[in-house]
Amino acid sequence: MPDLLPGAENFPRTAVLSEQVHRVLGLNPSAFTGPGTNTYLLGAPGGTPLLMDTGVGLPEYLDLLKAHLAREGFRPLTRILLTHVHGDHIGGVADVLGEFPGIPVHKFPWPERDRAYDLSLEPIVDGQLFTGDGYTLRAVHTPGHAQDHICYYLKEERALFTGDVILGVGTTVIPQDGGNLTHYLDTLRKLQTLDLARIYPGHGPVIDTPREKIAEYLAHRLQREQQILSELSGGRHTVEEMVRSIYREYPERLYAAAGQSVLSHLDKLESEGRVAREHGDPPRFTLLD
Ligand SMILES: [Zn+2]
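What counts as what
- Residues numbered from 1 in each chain as written.
- Predicted model: local features only at pLDDT ≥ 70, side-chain atom pairs only at ≥ 80, totals over all residues.
- Helix = DSSP H or I, 4+ residues; strand = E, 2+ residues; numbered from the N terminus.
- Rg over C-alpha atoms; globule rule 2.2 N^0.38 Å.
- Buried ≥ 20, exposed ≤ 12 C-beta atoms within 10 Å, placed from the backbone.
- Domains from an automatic or database assignment.
- Nonpolar A, V, L, I, M, F, W, Y, C, P; charged D, E, K, R; others polar.
- Pairing = 2+ DSSP bridges.
- Axes fitted to C-alpha atoms, helices over the stretch in contact; angles between N-to-C directions.
- Expected span 1.5 Å × (residues − 1).
- Contact = placed C-beta atoms within 7 Å.
- Right-handed = clockwise from strand over helix to strand, strands pointing away.

(A) Structural detail: the overall build of the chain. A count of helices and strands for the chain gives 8 helices and 16 strands. Expected size for 289 residues packed as a compact globule is a radius of gyration near 19 Å; at 20 Å, the chain falls within 12% of this value. With respect to the principal axes defined by its C-alpha atoms, the chain has extents near 65 × 40 × 35 Å. Expressed as a percentage of the 289 residues in the chain, the buried residues total 39%.

See the structure below:
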């Protein structure tokens, strides 16, 4: 029997993706997480692996992780690396530490958000290296989706673990709380400078066309910006009016997420002095020239 998660058809709960990369699913499928959060084990069976991200904190995830470690002949975990503070990536840390007490947990600091988790975290700096049997990982600071976001570059495979910066399914959200579209676009351009053969995303399947995918992500945002500028060239608008026009062919249940996306563009355009916000409820936006 294939080991598949209901609601995430054709997406296996665990997978051996290369000699030193295994994927263990967080078992939290939803409209926002696709088949659920991917967590990754780095290292060869027989060795001492590290775990990247921990899912949202479901007990069945810990069982799945333990079963996979045993089945593949891994020794106990040596450390945890986190991509960012969002709950579907950091939420399982306490459970994993319960099973592997005392191992270090590394994360780029975001003190205001980190303190919600009451964890002892080792601060990561941009460029920091993590090495083990068969792998050399380099931390790459990639703000935009979240200000603490780290991607990890795996030298041996020229592969990038992208967390929520590039996804195998769905679209990256730029939240009002801690997200920043200007930083996100800078991050995508920074990733374009890496020598990449593969992307291991935080949600969805492996991406084997990394250059095309990053170019597609950039083009998508620039196209959306053009649509917003074009809407505003016809007069002043609220976010909702722009969403109803730009996303008119999409179901209304997506409009809240679309509003967040439009607002992230307006924040960027306002910071560039290209758009003005008239404060009100709701605020209206006008084009500046
Ligand atoms: Zn996230």
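(B) Here's a closer look at the domain arrangement of the chain. One can read the domain layout of the chain as domain 1 (4-208) and domain 2 (227-287). In this structure, domain 1 and domain 2 have C-alpha centres spaced 32 Å apart. Its residues assigned to classes, the side of domain 1 that touches domain 2 comprises 4 nonpolar, 3 polar and no charged.

(C) Spatial organisation of the sheet that holds strand 11 (residues 135-141). A sheet is described by the order of its strands in space; here 5 strands give the open sequence 10-11-12-13-14, paired in mixed fashion. If you trace the sheet from one side to the other, it starts and ends with strand 10 (129-132) and strand 14 (198-201), each paired once. Geometrically, the sheet is characterised by an average inter-axis angle of 25° between neighbouring strands, direction not taken into account. Bridge count between strand 12 (residues 150-154) and strand 13 (residues 159-163): 3 bridges; the pairing is antiparallel. Residue pairing for strand 13: Leu 154 is matched across the bridge by Ala 159.

(D) A look at unusual backbone geometry. For the peptide bond that leads from Asp 281 to Pro 282, omega is 0°, which places it in the cis range. Residue position: Pro 282 is located in the loop between strand 15 (275-278) and strand 16 (284-287). A positive phi angle, close to 50°, is found at Arg 158, a residue other than glycine. By the secondary structure assignment, Arg 158 is in the loop between strand 12 and strand 13.

(E) Inspection of helix 6 (residues 210-233) at higher detail. With 24 residues, helix 6 should cover 34 Å at 1.5 Å per step; its first-to-last C-alpha distance of 35 Å lies within 8% of that length. Listed in full, the buried residues belonging to helix 6 are Pro 210, Ile 214, Tyr 217, Arg 221, Ile 228 and Leu 232. Residue Gly 235 follows helix 6 closely and has a positive phi angle near 135°.

(F) Representation of the environment of Glu 240. Locating Glu 240 in the fold gives a position in helix 7 (residues 239-246). Sequence spacing of Glu 240 and Gly 34 is 206 residues, and the spatial spacing of their C-alpha atoms is 26 Å. The contact partners of Glu 240, leaving out residues within four places of it in the chain, are Gly 259 and Pro 282.

(G) A look at the pairing of strand 14. Bridge count for strand 13 against strand 14 is 4 bridges, and the pairing is parallel. Its bridge partner being in strand 14, Phe 161 is matched across the sheet by Tyr 200. Handedness of the β-α-β unit built from strand 13, helix 5 (residues 181-192) and strand 14 comes out right-handed.

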